[in-house]
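Residues per chain are reported as follows:
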Amino acid sequence: MLQAGLHNSRRAPVRITEVSPRDGLQHEANFVPTLRKIALINALSRTGVTEIEAGSFVSSAAIPQLADSDEVLRAIDRIPGVTYSALVPNERGLERARAAGVDKIAVFTAASNSFTRHNIKATVQESLVRFRPIVAAAKRDGMAVRAYLSTVVFCPYEGRVPPTQVRDVMERLLDLAVDDISLGETVGKASPTDIRRLLDTVLPHVEPAHLSLHFHDTYGMAVANALTAWWDYGITAFDASAGGLGGCPYAPGASGNVATEDLVFALKASGANVPVDEMLVAACAQQLGDAVRHPLNSRLSQLHHREKPQPAWRE
């Protein structure tokens, strides 16, 4: 029965949440103009991704790169079938998200106290207390809610994180009635064996449809980890960033997110049903590299660049 269930889940379409406009850009030193952000999101909306994390309503002092999220979310073209989400840290952020017409909000915690203290100046328990009124208010307003749960394998300050610790925080997030949880392998050090250990622990306690996996590619393991989760466990939702843009300032040494185009190519080559055009994403990544003024690391985008693609977006 398990193998039959896995066979059926592997036939289900893989859903990609494109995180480059928020998680990818948030700590870039060179400010990307508002019109370029709008053009990026509009271009990504036509690649086949299911959801785009389009902004953040964190204080502009904390993340100057995304200070224009209100303007960006009001100006983008809304494509039917694409969900537009944004990170929301508090009730003031929720008010801004509501006014900007966000479809879905995201809240953020981790499995390790050291990481949450560095990142959001709170313990894991304190972060969950903060979330309760935000999640309740968003649900009343008809907005879906995602929860990011980071450091699910390694913490940059505490080392290896026990899977049971991840399970316990995940269950508390589910008790808050979030719609889905993104498990973040923040350091990018995990192997497929680590991912199997994690999923063996958490999947008895959550429906796979409510999980997304968020891999960083520091050690070049992100695609292998995603293929393991899809093939062995039937996970069909992944976060990814065009060009592999991103990284976490609170995880020293961690590199960017897995590149959307590389992940989509690998999944398709393995037989997955992924309704995303990876070459359109690669074209977006090339323009994104121009906007942040440094080269990106995705393999498919480098190939696409050598083939001199047409611009993916226009301002």
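Cut-offs and rules
- Residues numbered from 1 in each chain as written.
- Predicted model: local features only at pLDDT ≥ 70, side-chain atom pairs only at ≥ 80, totals over all residues.
- Heavy atoms only, no water.
- Axes fitted to C-alpha atoms, helices over the stretch in contact; angles between N-to-C directions.
- Helix = DSSP H or I, 4+ residues; strand = E, 2+ residues; numbered from the N terminus.
- Parallel < 35°, antiparallel > 145°, perpendicular 65-115°, else oblique.
- Left-handed = near helix turned anticlockwise from the far one by under 90°.
- Contact = heavy atoms within 4.5 Å.
- Nonpolar A, V, L, I, M, F, W, Y, C, P; charged D, E, K, R; others polar.
- Buried < 20%, exposed > 50% of the residue type's maximum accessible area, 1.4 Å probe, protein only.
- Expected span 1.5 Å × (residues − 1).
- Salt bridge = Lys/Arg side-chain N within 4 Å of Asp/Glu carboxyl O.
- Right-handed = clockwise from strand over helix to strand, strands pointing away.
- Pairing = 2+ DSSP bridges.
- Phe/Tyr/Trp six-rings, centres within 6.5 Å; stacked < 30°, edge-to-face > 60°.
- Lys NZ or Arg CZ within 6 Å of the ring centre and 35° of its normal.

Colleague: Requested: an account of the packing of helix α11 (residues 260-269) against helix α12 (residues 278-292), with residues and values cited.
Modeller: The N-to-C vectors of α11 and α12 enclose an angle of 165°; their axes lie 8 Å apart at closest approach. Taken as axis vectors, α11 and α12 run roughly antiparallel relative to one another. In the crossing of α11 with α12, the sense of the turn from one axis to the other is left-handed. Contact with α11, carried on its side by Thr 260, Glu 261, Val 264, Phe 265 and Lys 268, involves Glu 278, Val 281, Ala 282 and Ala 285 of α12 and no other residues of that element. A breakdown of the residues in the contact of α11 with α12 according to their chemical character gives five nonpolar, one polar and three charged.

Colleague: Please provide a residue-by-residue account of the side chain of Ser 112, values included.
Modeller: In this structure, Ser 112 sits in the loop between β4 (104-110) and α6 (113-120). By relative accessible area, Ser 112 is classed as buried at 0%. For Ser 112, the contacting residues outside a window of four places in its chain are Val 124, Thr 151, Cys 155, Glu 158 and Gln 165.

Colleague: So what's going on with the environment of Asp 262? Which residues, and what values?
Modeller: By secondary structure assignment, the location of Asp 262 is in helix α11. Spatially, the C-alpha atoms of Asp 262 and Pro 208 are 23 Å apart, while their sequence positions differ by 54 residues. Those residues within four positions of Asp 262 in sequence are excluded, and the remaining contacts are Val 223, Ser 298, Arg 299 and Leu 300.

Colleague: Please give an account of helix α10 (residues 222-233) that cites residues and values.
Modeller: Compared with an ideal rise of 1.5 Å per residue, which puts twelve residues at 16 Å, α10 spans 16 Å between its outermost C-alpha atoms and is within 8% of the ideal. Residues Ala 222, Asn 225, Ala 226, Thr 228, Ala 229, Trp 230 and Tyr 233 constitute the buried set of α10. In the stretch just after α10, Gly 234 is the one whose phi turns positive, near 70°.

Colleague: Tell me about the pattern of salt bridges, and name the residues and values.
Modeller: Scanning the model with the defined rule gives 18 salt bridges in all. Note that Arg 92 and Glu 95 form a salt bridge whose closest N and O atoms lie 3.4 Å from each other. Taken as a pair, Arg 92 and Glu 95 lie in helix α5 (residues 91-99) at a separation of three residues, close to a single helical turn. Overall, Glu 95 belongs to the partly exposed group, its relative accessible area being 43%.

Colleague: Tell me what's going on with the pairing of β4, and back it up with residues and numbers.
Modeller: With seven of seven residues buried, β4 lies mostly within the body of the structure. Side chains Lys 104, Ala 106, Phe 108 and Ala 110 project from β4 onto one buried face, and the interleaved Ile 105, Val 107 and Thr 109 project onto a second face that is buried too. A crossover connection joins strand β3 (residues 83-87) to the parallel β4 through α5; in handedness this β-α-β unit is right-handed. In this structure, β4 lies alongside strand β5 (residues 144-150), joined through seven bridges in parallel fashion. Note that in β5 the partner of Thr 109 across the bridge is Leu 149.

Colleague: Help me get a handle on the packing of aromatic side chains, residues and values and all.
Modeller: Throughout the structure, instances matching the rule amount to three aromatic pairs. On the basis of an interplanar angle of 45° and a centroid distance of 6.4 Å, the ring pair of Phe 108 and Phe 115 is categorised as tilted. Phe 115 matches Phe 108 in its accessibility class, with the two residues each being buried. Ring geometry for Phe 108 versus Tyr 148: centroids 6.5 Å apart, planes at 45°, classification tilted. Taken as a pair, Phe 108 in strand β4 and Tyr 148 in strand β5 lie far apart in primary sequence, 40 residues in all. Take Phe 108 and Tyr 148: they sit in the same class, and that class is buried. Ring pairing ties together the aromatic residues Phe 108, Phe 115 and Tyr 148, which thus form one cluster. Over the ring of Tyr 148 we find Arg 22, and its NZ or CZ is 5.6 Å from the ring centre. The ring of Phe 154 has Lys 189 lying over it, and the distance from NZ or CZ to the ring centre is 5.2 Å.

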